[in-house]
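Structure assessment
Residues per chain are reported as follows:
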Amino acid sequence: MKQQIYRFILFFVSFIFSVNAYSQTTISGTVVDKNTKEPVIGASIHVKSASEGAITDHNGHFEFKTKQSFPLSLTIRFIGYKTQEIDLYENQPVEIGLSENVNFLDEVVVTALGISREKKSLGYATQNIKGDELNGNTSTNIVNALAGKAAGVRITNGSGDIGGSRIIIRGETSIAGNNQPLFVVDGIPVDNSQLNVGDQYRDFRNAVADLNPDDIETLNILKGPNAAALYGSRAAHGVVLITTKKGTVQKGLGINVTAGVSFANIVNLAKYQNEFGQGTEGEFSFVDGKGGGVNDGYDESWGPRLDGRLIPQFDSPIVDGVRQATPWVAHPNNVKDFFETGVTQDYGISIANAGDKYSYRLGTHYQDQTGTAPNTQIKKTNVSYSGDYELTKRIKVGANVNYIVTDAPNIPGTSNGSASSLRANNIMLQFLWFGRQVDTQSLKEGQTVNRNWNANYYDNPYWQQFYNTTEQKRNRIIGDVHFSVNLAEGLDFRFRTSTDYYNDKRKSKFRTGSSGAGRPDGSYSEDAYIVSEDNTEAILNYTRKFSDDWSLDALIGYNVRNNRYENNFQNASKLAAPDLYTVSNSKDPLVSTNLLRRSRVYSDYASAQIGFRSWAFLNLTGRNDISSTLPSANRSYFYPSATASVILSDALDIKNNVLSFLKLRGGWSEVGSDADPYQLATVYNLGSPFNGNPIQTSSTTKNNADLKPERTQSTEFGAEAGFLNNRIVLDLALYNTNSIDQIIGLQTSPASGYSSQLVNAGKINNKGIEVQLRTTPVKTKDFSWGLDLNYAANRSKVVELDKEGLLTRYVIGTAGPQIVAAVGERYGAIFGTAWKRNANGDILVGDNGRPLRDPSNKTLGYFTPDWTGGITNTFTYKNLSLSALIDAGIGGSIYSSSASTGVMAGVYEQSLSGRSAEFGGLTWTDANGKVRDDGVIFQGVNENTGQPNNVIISAETYHGQSAHEKYVYDASYVKLRDISLTYTFKKSVIQKWGIGGLSVSAVAHNVAILYRDKNLDADPETALNTGNVQGVTGLARPSARSFGLNVNLKF
Amino acid sequence: MKKYITLFIVTAVLTTACSESLDDINKNPNATEIPDPAYLLTGVEKNGADLYWGNSADYGGTLLFVQHWAAIQYPDADKYDITNTAGIVTTPWNTGYTTLITNLNGILALNDDIANANYKAVALTLRSWVFLLLTDLYGDIPYSEVGKSVVPKYDTQKDVYVGLLADLTQATTQLAAANGAVKGDVIYGGDVAKWKKFANSLKLRIALRIADKEDALAKQTIAALNVPDLIGSNAETVKVVYSTSPYNNPQQDHFVSRNDYRISKTIVDKLKALSDPRLPVYAQLPKDTESASDYAGGANGLYAADAMSQGLDKISLPGTYFLTPTAPAVIYSYAEALFNLSEAAARGYISGSAETYYKQAITASFNQFGITDATVIADYLAQPTVAYNAANYKQSIGEQKWIAFFGQGLDAFAEWRRLDYPQLVAGPASVLEGKIPTRVFYPGTEQSLNGKSYKAAVANQGPDLLTTKLWFDAY
């Protein structure tokens, strides 16, 4: 036995020695920047077609052993530099000079499933945005930071402040479903929902705003199915691939410290009139704000002239029980004064390093943002870790963890929702129905006692902001564990299991005494969500260069995805004991609902890239999904893609001083998409029992047991060209996307029995063009000017809604006018009431002098712009760099429900015309025989006589006449979006201070709107929420302009 | 190499091996696919009462048209200044079809072993009631193709009424104690005999609705009814009695958070003129102490400013009888059954004295509101202003029925249009050139969702306006 062990050990030792003895050669050298001769830290050096290699240390030095014999070729890669190959013929230390990557075709980009590919080999458009371009932006939502930077990417938001934003790539491809792209961080799909805005009337942030821009290395936008086919179901709307920073070899300690502060102020406030105060028919006197006085229940400004006359007001002193009359004067800035300067503070520290066998980065970031609305705030803490370890030469393991805590003591109100009783959560409501004489300071003083200018409908706005709050706490973990095994030369096995899990809890309070909100008892609700997505994937990857001509990069993979969504809502609608916020403190039976949704998808996929002489590439992909949400017969579905690229300049060898390179690309792809869970059977919902009798009602949506997967097919062509030594680089893309068999809850006449019926129908087409131009008009030793342009135009067309052609319009939503998808029209038509007109287009007026509305609704515009574009100018002089982004969206329309109200309520400046002789009012005698000077004649033609209307009506009546048509505006805008000025200290200077790097930057976001429709009372980019009902603004909080200062310090 | 492929496959299999079937995952854990007829019935009765007694259809619309209530704030509907997206237009249609009729059809579609013949007869009765509300309000409506087509055709109003009479005949035939128990019935507690009375009484209501147009059919229908088969006492009144929060009476619920309505001056003045003891039941004294000595109604159809300037506290709220959380939603009262008999007698459809039924009807209404003192009732009936006028039964019945219907806006609106009494006057700020609506628009969504059928209906019935007269409204 002993002998056997001895023999074994001997055998083992000799084996090891024999391996070691096998002709090992040590290769060493340094990698430097060709121009500056500074060492390049963290560059990777690999022996071609083998797994041996190393990473340069902080001196740019590398050293490793190889079994290969000379001559051998090395590949040297480093981000931002051209990948270089050198051949070694003998064993001598080498110095390798890398040149900066000017030719962006040589860029290595991350593509679907995290696969790195040379950009030139791709058959579709892709756009990279570097982390630095997002960093130092004062917007706290990563989605907002993308505005204007990428062709074909459209961002809208509730406001520029705390809140949710919507991102759309290449137009809406789904008639009814989510149209936002999938976000993937380091291979982990992450959720970007904006849960339950509607019911709470609060502007919760979209979930991807959890990410910390400081952690981002690059952000790559895969613009459509062609680029994203491998992601399957969710690729139809594009994918935003985010690669976070990883540990790299460091010269110093690898510590990076950032600090920033920014200040936000409101802009784009509506124009108010300051001539007339609260009331109606020119009369007002305050007693209780509920109609007890003269028109004091009125929340409109058709009251007396603001001329200093004495009138009892809500803030007038009460002497011996009598409210004294006080001067009736305007407070022109009363809305503006309510808002504050929002302050955002950012602090981050990270440590990163790498060695022969390991790399890691550990970072933490804290952000504290207070909103422009009083007492609104979001605090966010991120802790992120990423690490990789080389277990053996062949096996690598690693993990990423990102833990995010969002803690918002109070979320601002939003523009739109379904529960009208919570509408007043949006502070803008009472500023729209307002008394223009109200003094904001008096409101502030009345906070604790809920003293308000109107007690019928509103609580004191400060009471509302400080006591009627919705807090949000979200704990989220995004992470994975992964390993890879190099099975043989060129053959790798990769495995990853990942999760994105969060719980999100909102607590909404109404303080006892909130009678304005219709909650005199106060109320309390808790709304809790648990959302998760787990993915487990295994991939076998094979890379081989068969000859000088042919190369292959192929993979097969398997993925299981589990999604889970849980909601639990509890509402104590009337508090029993005042100001005690627990769900059991309820006068009424507790209202409680819960919801669970689960789904699972199994996927098999494969892809191959075949390269020919490094100038022609064919990319093929195929994926088969099996989804739990579809009926078993249709559950499994396959979809392929094929794209190709040819570097013509290499193929035909036509490089010259004018044309640096030319690439053509094109392809076709299809992606399939499943349904939401539980859409196969129509269900009956249970309501709380009535006198002990359970209540059951049928869902008003008729589900469909025969659902098929949706399909989106896309054809794309493009060209990339570089001119004048790549001083001008052009990227052009043309695409045509058809989405068919869409799963739509087609709205049907309620008389059909259901208000909607789920069908596979609907076809929507999107065609578009995208242009990206990168130029460097000036480049000298000290000074350079970079000018980047992007342009995109997308045209959508709703081709069909149902197979029978019976339905002509799908109502996406109603917000004043309907937002519809109408057959034969662009997606997102604003469909609403219009004036009745004669053949000449004159508005018809009734005998009573009021305009008539056409009984049929009309298409009044489309929310989608004709084109969007952006121009970034970057000037660099020595260590100083200045960058400015101007972007535009031209065309498209927006309906303002606020304007409709603001004019009708006599609050907006527009409502001044005709209000007295001074403002052009005509003298007339009303029905009561009173002679007045506020007469107006509506310009139009009498319906019966055909003669011009000559009936005088009061200005109040005149401005109250409305049709949606009247408040539809041009949504075009040109904005100076971002300016940043950065100074990077010279290394030679700061090294004396013991610092590895120091930069200071001043940034501004949403600087100015250079062009917009002057009559529109809001930022044209505002939206009600992140859903598909766009092109409507209402009660939008004024957008925010922010200025900030950031410091970045490296040790 | 081979073993790595094996490893790969094993991994792939491992990740799925523990799985439950995809069908299980997609089984909805939040709601059931199998309905219970009792639960559906409770839902329909409760939601139907909410519609009939609630904001959009009742006090935000028809109750203003018939001048039972008046708007003291936000008088748009009171001025008839409404569009085809207003609540009075969309809510009855949407709720009527999707919440009520679909669930009733759900009961009708169940297997007989789950929902017995009585459930189905009850469902058919309630469905007839809902269809009746809809056709009374809109005119031609989808009826025969409801639930059968995505774009159902509109049946003419006449066809709807005739169809409903047949449906109710079927219901009455089916209703029998032997056919099984009905649970979840919050109207009659499953009393099949009472349901039969409701179904018969609905036939009576419908027959009179068409009497001016289809005299023979009306007569034939009513002649076939026996008085004992109709609602025969206040105990048999069709009503849903509301309960604790959140199931409070919708009319009182309004005043918890809002304050937009008052009792109308029209009905207050009428009750005063008749020294009607129902006035203190229908109205509260104004809050303002100075005017609190007398009831005061709000005028209908004023400009917002004028409406408001009447003074929130100077005008009477509807009575506490109506504004208590547990106040009943009356759907078909005993008084109405008697008024209907009175008219049937006046028209010569049945034997018996129209005047006697008329007096019984008023007495039943008094009793319904808790006035039982025989002397008080007799004194009231003895007034010449109350006495039955055989020369113009439409006036006598019309006015008294209108008073008895207080709160039941939809039926008061239908009967006011048919009987043309009381003679109401549109408010000064109303926008229909002095007219009062005689129907409501079809919901705007019908134009886009069911355009062809909509156009055909408009072609048949007349323009889609508030003032278009419906088929039944002959005079």
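Per chain, residues are indexed from 1 in the order of the written sequence. Written order decides the labels, with chains lettered from A and ligands numbered from 1. Only residues with pLDDT of 70 or above have their local features reported here, since the model is predicted, and side-chain atom pairs are shown and tallied only from 80 upward, although totals for entire chains, interfaces and linings are computed over all residues. As a rule here, side-chain values cover all heavy atoms of the structure and leave hydrogens and water aside.

**Some thoughts on the overall build of chain A**
What counts, and what does not: By the criteria applied, helices consist of DSSP H or I runs no shorter than four residues and strands consist of E runs no shorter than two, each listed in order from the N terminus. Burial classes: relative accessible area under 20% of the type maximum marks a residue as buried, over 50% as exposed, and values in between as partly exposed (1.4 Å probe, protein chains only). Only the protein chains shown count as covering a residue, and every accessible area follows the Shrake-Rupley method with a 1.4 Å probe. Working convention for charge: Lys and Arg count positive, Asp and Glu count negative, and His plus the chain ends are omitted. The atoms used to mark charge sites are NZ of Lys, CZ of Arg, CG of Asp and CD of Glu.
Of the regular secondary structure elements, chain A holds twelve helices and 59 strands. Based on the C-alpha atoms only, the size of chain A along its principal axes is roughly 120 × 70 × 70 Å. Counting over 1051 residues, chain A shows a buried share of 57%. On chain A, roughly 41200 Å² of surface is accessible, and the fraction owed to carbon and sulfur atoms is 54%. Averaging the coordinates of the 101 positive side-chain charges in chain A and doing the same for the 103 negative ones gives two points 4 Å apart.

**As for the overall build of chain B**
Selection rule: Only C-alpha atoms enter the radius of gyration, while the globule expectation follows 2.2 Å times N to the 0.38, with N the number of residues. Residue contacts follow a heavy-atom distance rule, with two residues in contact if any of their heavy atoms lie within 4.5 Å.
Secondary structure summary: chain B contains 20 helices and four strands in total. In terms of overall size, chain B behaves like a compact globule, its C-alpha atoms giving a radius of gyration of 25 Å where 475 residues would be expected to give roughly 23 Å. With respect to the principal axes defined by its C-alpha atoms, chain B has extents near 110 × 55 × 45 Å. The buried share among the 475 residues of chain B stands at 63%. Relative to all contacts within chain B whose residues are 6 or more apart in sequence, the contacts with residues 24 or more apart total 75%. About 16600 Å² of surface is accessible on chain B, with carbon and sulfur atoms providing 53% of the total. Looking at charge distribution, chain B has the averaged site of its 39 positive side-chain charges lying 3 Å from that of its 48 negative ones.

**Things to note about the domain arrangement of chain A**
Residue and element names in this part refer to chain A. To keep things clear, this is the line we draw: Start and end positions for the domains come from either an automated domain assignment or a database one. Defined here as a combined quantity, buried area equals the accessible surface (1.4 Å probe) lost by two parts on assembly, summed across both. The salt bridge criterion pairs a side-chain nitrogen of Lys or Arg with a carboxyl oxygen of Asp or Glu, the two atoms within 4 Å. For this analysis, a polar contact is any N or O atom pair within 3.5 Å, provided that within protein one partner can donate a hydrogen and the other can accept it, and provided that sequence-adjacent residues contribute only side-chain to side-chain pairs. Gly is placed with the polar residues, together with every amino acid not listed as nonpolar (Ala, Val, Leu, Ile, Met, Phe, Trp, Tyr, Cys and Pro) or charged (Asp, Glu, Lys and Arg).
In terms of domains, chain A is made up of domain 1 (23-101), domain 2 (183-267 + 341-546 + 578-681 + 712-828 + 863-892 + 971-1050) and domain 3 (836-854 + 906-966). Computed from C-alpha atoms alone, the centre-to-centre distance between domain 2 and domain 3 is 46 Å. With eight residues of domain 2 in contact, the opposing surface of domain 3 contributes four residues. Regarding the contact of domain 2 and domain 3, the summed buried area is about 500 Å², with carbon and sulfur atoms giving 63% of it. When the buried surface of domain 2 facing domain 3 is broken down by residue, Leu432, Arg436 and Asp1017 rank first, second and third, together holding 54% of it. The interface formed by domain 2 and domain 3 includes zero salt bridges. On the surface where domain 2 and domain 3 come into contact, there are one residue pair in polar contact (both at pLDDT 80 or more). Split by residue class, the side of domain 2 that touches domain 3 holds four nonpolar, two polar and two charged.

**Brief notes about the confidence of the model for chain A**
Here is the rule we go by: For every residue, the pLDDT score states the predictor's confidence, bounded by 0 at the bottom and 100 at the top.
Mean pLDDT for chain A: 88, with 95% of residues reaching 70 or above. The model gives residues 8-22 of chain A a pLDDT under 50, and that stretch makes one contact with residues more than four places away or in other chains.

**Let's talk about helix H7 (residues 157-174) of chain B**
Residue and element names in this part refer to chain B. Formally: A helix is expected to span 1.5 Å multiplied by its residue count minus one.
Taking 1.5 Å as the rise per residue, H7 with 18 residues should run 26 Å; its terminal C-alpha atoms sit 26 Å apart, in good agreement. Along H7, the residues that are buried comprise Gln157, Val160, Tyr161, Gly163, Leu164, Leu165, Asp167, Leu168, Ala171, Thr172 and Gln174. Packed against the buried residues of H7 are helix H6 (117-138), helix H8 (192-209) and helix H9 (215-223).

**Remarks on the packing of helix H17 (residues 393-404) of chain B against helix H18 (residues 409-419) of chain B**
All names here are of chain B. Put simply, the rule is: In this analysis, axes come from line fits to C-alpha atoms, helices being fitted only over the stretch in contact, and the angle between any two N-to-C directions falls in the range 0 to 180 degrees. Roughly parallel means an angle under 35 degrees; roughly antiparallel, over 145; roughly perpendicular, 65 to 115; everything else is oblique. Crossings are assigned a handedness: left-handed for a near helix turned anticlockwise from the far helix by less than a right angle, right-handed for a clockwise turn.
Between H17 and H18, whose axes approach to 10 Å, the crossing angle comes to 165 degrees. When the axes of H17 and H18 are compared, the pair comes out roughly antiparallel. Remark: the crossing between H17 and H18 carries left-handed chirality. Listed contacts from H18 to Lys394, Ile397, Gly398 and Lys401 of H17 are Glu415, Arg418 and Leu419. Taken together, the residues of the contact of H17 with H18 sort by class into two nonpolar, one polar and four charged.

**Structural notes on the sheet that holds strand S3 (residues 53-55) of chain A**
Residue and element names in this part refer to chain A. Filter applied, for reference: Strands are labelled as partners when DSSP assigns at least two bridges between them.
If you trace the four strands from one edge of the open sheet to the other, you get S3-S2-S5-S6, paired in antiparallel fashion. One side of each edge strand has no neighbouring strand; the edge strands of this open sheet are S3 and strand S6 (84-88). Neighbour-to-neighbour, the strand axes of this sheet turn through a mean angle of 20 degrees, independent of strand direction.

**Here we look at the packing of aromatic side chains**
The cut-off we apply is this: A pair of Phe, Tyr and Trp rings is counted when the ring centres sit within 6.5 Å of each other, with Trp represented by its six-membered ring. The angle between the planes then sorts it: under 30 degrees is stacked, over 60 is edge-to-face, the rest tilted. Look at NZ for Lys and CZ for Arg. If either is within 6 Å of the ring centre and within 35 degrees of the ring normal, a charge sits over the ring.
Using the criterion set out here, one finds 64 aromatic pairs over all chains in the structure. Ring-pair connections join several aromatic residues into one group, and the members of that group are A:Phe338, A:Phe339, A:Phe431, A:Phe434, A:Trp453, A:Tyr457, A:Tyr458, A:Tyr462 and B:Tyr74. Its guanidinium or amino end placed over the ring of A:Phe204, A:Arg506 lies 3.8 Å from that ring's centre, counting from NZ or CZ. Positioned above the aromatic ring of A:Tyr565, the side-chain terminus of A:Arg597 is 4.4 Å from the ring centre.

**Some remarks on the interface of chain B and chain A**
In this complex, chain B contributes 74 residues to the contact, which on the side of chain A involves 79 residues. Between chain B and chain A, a total of about 6700 Å² is buried, with carbon and sulfur atoms accounting for 60% of that surface. Run the count over chain B and chain A and you get one salt bridge. In this structure, the salt-bridge partner of B:Asp23 is A:Arg635, at a minimum N-O distance of 2.5 Å. Across the contact surface, chain B and chain A share 16 residue pairs in polar contact (both at pLDDT 80 or more). Mapped onto the side of chain B that touches chain A, the elements with two or more residues apiece are helix H1 (2-17), helix H2 (22-25), helix H3 (37-53), helix H5 (87-109), strand S2 (238-241), helix H13 (304-309) and helix H19 (444-449) of chain B. Tallying contributions element by element places H5(B) first for the side of chain B that touches chain A, with seven residues. In the side of chain B that touches chain A, the residues fall into 33 nonpolar, 30 polar and eleven charged.

**Things to note about the pairing of strand S57 (residues 997-1012) of chain A**
All names here are of chain A. When strand S56 (residues 973-984) meets S57, the two strands line up antiparallel, connected through eleven bridges. Opposite leucine 976, over in S57, you have alanine 1008 as the bridge partner. Across nine bridges, the pairing between S57 and strand S59 (residues 1039-1050) is antiparallel. Counterpart to leucine 998 in the pairing with S59 is leucine 1049.

**Examining the pattern of salt bridges**
Overall, the coordinates contain 71 salt bridges over all chains when judged by the stated rule. The salt bridge involving A:Asp504 is made with A:Arg506; its shortest N-O contact spans 2.9 Å. There is no split in this pair, since A:Asp504 and A:Arg506 are both buried. Taken together, the shared-partner salt bridges connect B:Asp136, B:Arg205, B:Arg209, B:Asp212, B:Glu336, B:Glu343, B:Arg347, B:Lys394, B:Lys401, B:Asp411, B:Glu415 and B:Arg418 into one network.

**Some words on the side chain of A:Ser523**
On the secondary structure map, A:Ser523 appears in strand S28 (residues 523-545). At a separation of 2.9 Å, a polar atom in the side chain of A:Ser523 contacts the side chain of A:Arg519.

**Observations concerning the side chain of A:Thr280**
When you line up the elements, A:Thr280 lands in the loop between strand S17 (255-267) and strand S18 (310-312). You can call A:Thr280 buried: its relative accessible area is 0%. Setting aside residues no more than four positions away along its own chain, A:Thr280 makes contact with A:Asn295, A:Tyr298, A:Trp302, A:Gly303, A:Glu956 and B:Ala305.

**A few points about the sheet that holds strand S39 (residues 743-747) of chain A**
Residues and elements named next belong to chain A. Spatial ordering of the open sheet is given by S36-S40-S39, a layout of three strands whose pairing is mixed. Bordering the open sheet on either side are strand S36 (701-702) and S39, each of which pairs with just one other strand. Pairing analysis gives five bridges linking S39 to strand S40 (residues 756-760), with the strands arranged antiparallel. Bridged to glutamine 747 within S40 is serine 756.

**Considering the nonpolar core**
Note on soluble globular proteins: their nonpolar side chains tend to be buried together. Quick reminder of the rule: We call a set of buried residues a nonpolar core when its members are Ala, Val, Leu, Ile, Met, Phe, Trp, Tyr or Cys and they connect through side-chain atoms within 4.5 Å of each other.
With 150 residues, the main nonpolar core has B:Ile82, B:Tyr97, B:Leu126, B:Trp129, B:Phe198 and B:Tyr282 as its most contacted residues. Those residues in contact with B:Leu126, other than ones at most four positions away along the chain, are B:Leu41, B:Val44, B:Glu45, B:Leu104, B:Ile187, B:Trp195 and B:Phe198. Residues A:Trp433, A:Tyr827, A:Ile830 and A:Tyr969 belong to the second largest nonpolar core, which totals 61 residues.

**Let's talk about the environment of A:Ala43**
All names here are of chain A. Here alanine 43 shows up in the loop between strand S1 (25-33) and strand S2 (44-47). Given a relative accessible area of 0%, alanine 43 falls into the buried group. Remark: the alpha-carbon pair of alanine 43 and tyrosine 81, spanning 38 residues in sequence, is separated by 9.5 Å. When residues no more than four places from it in sequence are discounted, the contact partners of alanine 43 are Val31, Ala54, Ile55, Thr56, Ile76, Arg77 and Phe78.

**Quick notes on the packing of helix H4 (residues 55-65) of chain B against H18(B)**
Residue and element names in this part refer to chain B. At a minimum axis distance of 8 Å, the contact between H4 and H18 shows a crossing angle of 25 degrees. The orientation of H4 relative to H18 falls into the category roughly parallel. Crossing handedness for the pair H4 and H18: left-handed. Contacts between H4 and H18 pair Ala57, Asp58, Thr62, Leu63 and Phe65 from the former with Gly409, Leu410 and Phe413 from the latter.

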